[in-house]
Amino acid sequence: MSILNKILVILGPTSSGKSDIAIKIAKKFNGEIISADSRQIYRGMDIGTGKTPRDKKLGFEEPRPSRRAGGIEPWTAHGIPHYMIDIISPRTEYNVAKFKKQAEKVIDDILQRRKLPIICGGTGFWIQAIVDDINFPEVKPDWRLRKKLEKYPTAKLFSMLKKMDPARANNIDSKNKVRLIRAIEICKSIGKVPVLDVIPSAAEGSSQIPPLTSFSRNDKWMFLQIGIKLSQQELHDNIEKRVKLRFKQGMIKEVRNLHQQGLSWKKIQSFGLAYFWIPLYLQKKLSFGELRAEARKEKSLALEKRWLIEKVIRAEKNYAKRQITWFKRDK
RNA sequence: GGGUGCGUCGCAUAGCGGCAAUUGCUCCAGACUGUAAAUCUGGCGCCUCCGGGCUUCGCAGGUUCGAGUCCUGCCGCACCCA
């Protein structure tokens, strides 16, 4: 096996320029990119998720990626294969566990072809799943159960969990319904939530991230993680520019198309950010309550659109913030 | 010039005379075991030995044990009549 176990990870908040860096490095070091982005996996969601435009001509340089890599064909951008993009329809349920399995197959395949896997993305949890080799309990979502539990107040769910698995109840966020339901789901199936043994980060002094570079390893692989940090000012500027550009590129049309393909507004909204706000705009449900009185009088189409873009920019900034909080969390 | 209404902590809102004062948004900080662009928590007048202390609701007076809440005047804004 020897040296073929090194993986590069590039992480950072949205609009920090991860993709460009990843592509540059891939070119220089014979790499292939595994996207760790929980929204770029969906087909038909291109502008809103900021996919790097795909190369016109298909076909790969030698050696051709194996088809068996999770059955996933990469798409190429700037001549570099990108995996885990456009792999499913927005209708399909997807999650970390699936991502982990598929991505690991892809990584194996890349390593076998003696190339450098570069994991690049902003979905911290998904990256952690691979780097820390989190073993998710083999309990698939039980939709009927979830639907039932959904109706209960969180306090009740919490006391249910407490009876089933006091240990998990002890460290769970007692007000987070989503987490509570999943924990109960696991308990019903296998008794209790397995204790997670997260691999402690091998890096010294890497808690001061970002910017960070840190080494860590699990049983299979070694990782070099590079975190990208921009000043808040730069980040916010980038976000504003990017969001405005996306609207020019047809962001609204993209959402309209998704709906025409039969996706409910509600489903589209669940993807967050622009996908959350645009359906409201299209349905004329944007609330102007926050606008000043003078502005409200204007009430023009242009105003509505400006307001929409404003909302999306804000959402995007908040998102970046949550990402950064995740990246600098202490394990 | 006459009439009416309104001025509350960034914005927007609530507030039978007992209130440091409601709610939403923004903002700040944080969490994260198969939804992670999701989901969730805390803070948001100032100070604090966390018991409390201090200063607030356009401005200035007044009535009251007590006023954001009532009265008078002023300033500003909105609308209506001229």
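Residues numbered from 1 in each chain as written. Chains lettered and ligands numbered in written order. Predicted model: local features only at pLDDT ≥ 70, side-chain atom pairs only at ≥ 80, totals over all residues.

1. As for helix H3 (residues 124-131)
Inclusion rule: Remark: C-beta atoms are placed from the backbone, and a residue is labelled buried if 20 or more other C-beta atoms sit within 10 Å of its own, exposed if 12 or fewer do, or partly exposed between those counts. Secondary structure follows DSSP: runs of H or I at least 4 residues long count as helices, runs of E at least 2 residues long count as strands, and numbering of each begins at the N terminus.
In terms of burial, H3 is a largely internal element, six of the eight residues being buried. Restricting attention to buried positions, one finds in H3 the residues Trp126, Ile127, Gln128, Ala129, Ile130 and Val131. Positive backbone phi, approximately 50°, marks Asp133, located one or two places after H3.

2. Quick word on the packing of helix H4 (residues 143-150) against helix H7 (residues 177-190)
Selection criterion: Each axis is a line fitted through C-alpha atoms, taken for helices only over the stretch in contact, and angles between the N-to-C directions span 0 to 180 degrees. Each angle gets one of four labels, with under 35 degrees taken as roughly parallel, over 145 as roughly antiparallel, 65 to 115 as roughly perpendicular, and the rest as oblique. By definition, turning the near helix anticlockwise from the far helix through less than a right angle yields a left-handed crossing, and turning it clockwise yields a right-handed one. Our contact criterion uses C-beta atoms placed from the backbone: two residues qualify when those atoms are within 7 Å.
Running from N to C, H4 and H7 cross one another at 130°; their axes reach a closest spacing of 10 Å. The angle between the axes of H4 and H7 places the two elements in the oblique class. As H4 packs across H7, the resulting crossing turns out to be right-handed. In contact with Leu145, Arg146 and Leu149 of H4, H7 contributes Ile181, Ile184, Glu185 and Lys188.

3. Digging into the pairing of strand S4 (residues 80-83)
Defined as follows: Two strands make a pair as long as DSSP finds a minimum of two bridges between them.
Residues of S4 alternate between two faces, with Ile80 and His82 on one and Pro81 and Tyr83 on the opposite face, all of them buried. When strand S2 (residues 31-35) meets S4, the two strands line up parallel, connected through two bridges. Bridged to Ile34 within S4 is Tyr83. Both strand S3 (residues 75-77) and S4 contribute to a ladder of three bridges, which runs antiparallel. Of the residues in S4, the one forming a bridge with Ala77 is Ile80. Hairpin connection, S3 to S4: the antiparallel pair is bridged by two residues, and His78 has positive phi, about 55°.

4. Remarks on the confidence of the model for chain A
Formally: As a per-residue measure, pLDDT reflects the predictor's confidence and takes values from 0 up to 100.
Put simply, chain A has an average pLDDT of 80, and 81% of its residues get 70 or more. The model gives residues 59-66 a pLDDT under 50, and that stretch makes eight contacts with residues more than four places away or in other chains. This stretch, residues 292-297, has a pLDDT under 50; its non-local contacts, to residues over four places away or in other chains, come to three contacts. This complex was scored by the predictor with a pTM of 0.83 and an ipTM of 0.82.

5. Focus: the packing of helix H9 (residues 251-260) against helix H11 (residues 274-282)
Convention followed: We call Asp, Glu, Lys and Arg charged. Ala, Val, Leu, Ile, Met, Phe, Trp, Tyr, Cys and Pro are nonpolar, and the rest, Gly among them, are polar.
Two numbers describe how H9 lies on H11: the axes approach to 10 Å, and their chain directions differ by 80°. For the element pair H9 / H11, the angle class is roughly perpendicular. Only Ala274, Tyr275, Ile278, Pro279 and Leu282 of H11 make contact with H9, whose side of the interface consists of Met251, Ile252, Val255 and Arg256. A class-by-class count of the residues in the contact of H9 with H11 yields eight nonpolar, no polar and one charged.

6. What about the protein's contact with RNA strand B?
Quick note on the threshold: Each residue gets a C-beta atom placed from its backbone. If that atom is within 6 Å of a molecule or strand, the residue is near it.
Surveying the vicinity of RNA strand B reveals 52 residues, the closest of which are Ser38, Thr49, Ala97, Phe136 and Gly272. Contributions of two or more residues to the surface near RNA strand B are made by helix H2 (96-112), H3, helix H6 (166-171), H7 and helix H13 (301-327). By residue number, the principal contributor to the surface near RNA strand B is H13, which donates eight residues. When the residues that make up the surface near RNA strand B are grouped by side-chain class, the tally is 18 nonpolar, 15 polar and 19 charged.

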